[in-house]
Amino acid sequence: MTRLAAALTLLLPTLWVSTAAAQPDSAALAARASFEAGVEAARAERWAEAATHFRASHEATPTPVATFNWIIALRHLQRFAQLLELADRFLQDAPEEPFASEREQVAALRAEAIPRVARVDWPALPVGAVVRVTRTDQDAPSTGARRWLAPGEYLVEATNEDGRRAAAVYSLEPGDQVRVELAWTSPTVEAEGGTSETSARPSGPPERSSSSAVAAAAASGSPWHRPAVLAMAGLVV
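Residue numbers run consecutively from 1 along every chain, following the written order of its sequence. Confidence filtering applies because this is a predicted model: local features only for residues at pLDDT of at least 70, side-chain atom pairs given and counted only at 80 or more, and all residues used for totals across whole chains, interfaces and linings. To obtain the side-chain values, all non-hydrogen atoms of the structure were used and water was disregarded.

### Focus on the nonpolar core
- Side-chain atoms within 4.5 Å link the members of a nonpolar core, which is a set of buried Ala, Val, Leu, Ile, Met, Phe, Trp, Tyr and Cys residues. Burial status follows relative accessibility: with a 1.4 Å probe on protein chains alone, a residue under 20% of its type maximum counts as buried, one over 50% as exposed, and anything between as partly exposed. In this structure, Ala50, Phe54, Ile71 and Leu83 are the most contacted members of the largest nonpolar core, which totals 30 residues.
- Secondary structure counts use DSSP, requiring at least four H or I residues in a row for a helix and at least two E residues in a row for a strand, with both numbered from the N terminus. Every element with two or more residues in this core is listed here: helix 3 (25–43), helix 4 (47–60), helix 5 (64–76), helix 6 (80–93) and helix 7 (96–113).
- Element by element, the count of residues in this core is highest for helix 5, at 8 residues.
- Here, residues are in contact when the closest pair of their heavy atoms is within 4.5 Å. The contacts of Ala50, once residues within four sequence positions are left out, are Gly38, Ala41, Ala42 and Ala73.

As structure tokens, then:
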């Protein structure tokens, strides 16, 4: 066992239980059961199953420990866009103590993931607007206004409370930095032969970063140092 594992063995169960204690008993029990199932799956390197369990634990009772383990599972699955969403949340919410080491690992994973995805900046949306982002080249579920997206082509659709709509298609590549532009239509109006409404696409290619640092990081292929998965009574190494 590494020095890090020895240091965390007795600390993490106390942190997890004390954090979960603020939640209803049923939620805490469900979160702990999912957490332990995730650790067992991680030990067997069943990372998709582990990610599912850690997500369930996080959703039942959010804790930095469950979030950290979920991030590690996503790295094994190379789901970099989702990893970044969680990493941003972890670095915002997890305190320096006792998570200094985990924060350092997550920051390193975040830096590694950024050149592998596209960063999307959104305009100020009207109150009540609903956004759907759907990947067009595969049968993927739609998402909301996410900051990070995997490379691919996406249909961005938005609907406002007053009936106005907007749509655009973006083709994203690793390292892209794109600002979404939405041209809102007028509410649907009656036209000869039925209703009509217009949609908008970007007038040109998306704005992309030309940073040499991003390009170099994407092409470097530097080795990944696998971090440990936190366990209730130790670490999975």
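The discussion continues.
### Some words on the sheet that holds strand 6 (residues 177–179)
- A sheet is described by the order of its strands in space; here 3 strands give the open sequence 3-1-6, paired in mixed fashion. A single partner strand is all that each edge strand has here, and the edge strands are strand 3 (148–149) and strand 6.
- Two strands pair when backbone bridges link them, and strand 1 (residues 118–121) and strand 6 are joined in this way by 3 bridges, in the parallel orientation. Directly across from Arg119, in strand 6, lies its bridge partner Gln177. Each pair of strands is called paired provided DSSP finds at least two bridges between the two strands.

### Description of the sheet that holds strand 2 (residues 130–135)
- Ordered in space as 2-4-5, the 3 strands form an open sheet in which the pairing is antiparallel. The sheet terminates laterally at strand 2 and strand 5 (165–172), the two strands that pair on one side only. Across the sheet, the mean angle from the axis of one strand to that of its neighbour is 15°, orientation sign disregarded.
- As judged from the 6 bridges shared by strand 2 and strand 4 (residues 152–159), these two strands associate in the antiparallel manner. For Val131, the partnering residue across the bridge sits in strand 4 and is Ala158. Only the contacting stretch of a helix is used when fitting its axis, a line to C-alpha atoms as for every element, and angles between N-to-C directions run 0 to 180 degrees.

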